[in-house]
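Report on the structure
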Amino acid sequence: MFVGHYSIAFAAKSEKNKIPLWVLFIAVQFLDYIWATLVLLGIEKLRVIKGFTAGSMLDSYFHPYSHSLIAAILWSAAAAIVYRAVCSRHGYLYRRYAALIVGLAVLSHWILDFIAHPRDLAIYGNTWKVGLGLWNYRGPEFALEIAMLAGGIVLYLARNVMSAVRKTAVIAFGLGLVVIQIGDTYVPRTPLTDKATAMGVWIFYTLFVVVAFFIEKVGTPKKGAAL
Ligand SMILES: [Zn+2]
C-alpha cells in the first residue's frame, strides 16, 4: 500500500477536529517513517527483489519494531499522547477526540498494509506473520489504492470549507499522487539497495507532508489583508 494510506489522512480531516492535514500525512505513514529510519540504522531488515510480488519489490523480512501489530498499537498510542500534549502546550484549538483520530490514523497504516503485504506482518515480535497479499494482484491492488485515494479526497472536499483555488490545488495534488502510484506500480526499474529505498521513503513522504502543509494555506486571506 502506498498512496492509499493518504486516503485516511484526507478522510480524517474535518472543519471540527481541526487537525492539520500535514499532521495526518505524517500519522498515516508514521510506521513507515520508523521503518525507514530503522532500516537506515541497520536494525530492521529489507531485501529489494525484482518481481518479489506483482505490485512491490519489497521483502520486509524483519520489521518487528515498526510493523508488528503490537508495535503499531503502541506507536499509535504514543502519537495520540504526543499530539494531545503538543496541542495543549501551544493552545491549539482542537476537539478532545482529535488525539484519538491521530492515533487511529497511525493504526490505519497497519490495517492497510495487512491488506497489501504478503505474509510479512508479525502480530508480535517477528512471529505469527499475517498479510492478505493483495500485492500479488497488481491490477486490483492498484485499483484499490486509487479508489481509496479518490474517496478520501471527496470526503476532504465535502467536510472542509475552502476556496475554489484550494479545491483545485487539492485535486491537482490528488492527480499528482495518482501519477506517482502509476510510476511505482507499472514503470519497470532496477531495484535500489535497501538503504536507498529507505532514503527514498524519507524524501518522498516528507515532500508530500510539505505539499499537504502548503495546500492548507492556499486561498487563505493573508492576516491583516482587507476583506
Ligand atoms: Zn508500511
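It should be noted that the structure appears before, not after, this text.
Rules used in this analysis
- Residues numbered from 1 in each chain as written.
- Predicted model: local features only at pLDDT ≥ 70, side-chain atom pairs only at ≥ 80, totals over all residues.
- Heavy atoms only, no water.
- Donors = N, O, S within 2.8 Å, 3.2 Å for Na, K, Ca; no water.
- Tetrahedral: all angles 85-135°; square planar, octahedral: opposite > 155°, others 65-115°.
- Helix = DSSP H or I, 4+ residues; strand = E, 2+ residues; numbered from the N terminus.
- Buried < 20%, exposed > 50% of the residue type's maximum accessible area, 1.4 Å probe, protein only.
- Contact = heavy atoms within 4.5 Å.
- Pairing = 2+ DSSP bridges.
- Phe/Tyr/Trp six-rings, centres within 6.5 Å; stacked < 30°, edge-to-face > 60°.
- Lys NZ or Arg CZ within 6 Å of the ring centre and 35° of its normal.
- Expected span 1.5 Å × (residues − 1).

1. Notes on the coordination of the zinc ion
- At 2.1 to 2.2 Å from the zinc ion lie its protein donor atoms, namely Asp32 (OD), His67 (NE2), His109 (NE2) and Asp113 (OD).
- What the four donor atoms of the zinc ion show is an angle range of 85 to 170 degrees at the metal, which sorts the shape as irregular.
- Mapping the donors of the zinc ion onto the primary sequence gives the spacing D-x34-H-x41-H-x3-D. Placement of the pair is His67 in helix H4 (residues 64–67) and His109 in helix H6 (residues 98–116), with a sequence separation of 42 residues.
- On the accessibility criterion, His109 (0% relative accessible area) is buried.

2. Topic: the environment of Ile19
- By the secondary structure assignment, Ile19 is in the loop between helix H1 (4–12) and helix H2 (21–28).
- In the structure, Ile19 is positioned 64 residues away from Tyr83 in sequence and 9.6 Å away in space, judged by C-alpha atoms.
- In this view, Ile19 contacts Lys13, Leu24, Tyr83, Ala98, Ile101 and Val102; residues no more than four positions away in its chain are not counted.

3. Examining the pairing of strand S4 (residues 127–130)
- Sheet topology places strand S3 (residues 121–124) next to S4; three bridges connect them, and they run antiparallel. Paired with Ala122 across the bridge in S4 is Lys129.
- Here S3 folds back onto S4, and the loop between the two strands holds two residues, one of which, Gly125, carries a positive phi near 55 degrees.

4. Section: the packing of aromatic side chains
- Inspection of the entire model under this criterion finds 17 aromatic pairs.
- Ring geometry for Tyr33 versus Trp202: centroids 4.7 Å apart, planes at 70 degrees, classification edge-to-face. Placement of Tyr33 in helix H3 (residues 30–40) and of Trp202 in helix H9 (residues 194–215) is noted, with a sequence separation of 169 residues between them.
- Here Tyr33 falls in the buried class, since its relative accessible area comes to 9%.
- Within the aromatic cluster, the residues linked to one another by ring pairs are Phe2, Tyr6, Phe10, Phe25, Tyr33, Tyr156, Phe173, Trp202, Phe204, Tyr205 and Phe208.
- Residue placement shows Arg47 over the ring face of Tyr61; its charged tip is 3.8 Å from the ring centre.

5. Some thoughts on helix H7 (residues 138–159)
- When the terminal C-alpha atoms of H7 are compared, their 32 Å separation across 22 residues agrees well with the 32 Å that a helix rising 1.5 Å per residue should span.
- At its buried positions, H7 is contacted by H1, H2, H6 and helix H8 (164–186).

The quantities given are spatial measurements derived from coordinates; they are silent on function.
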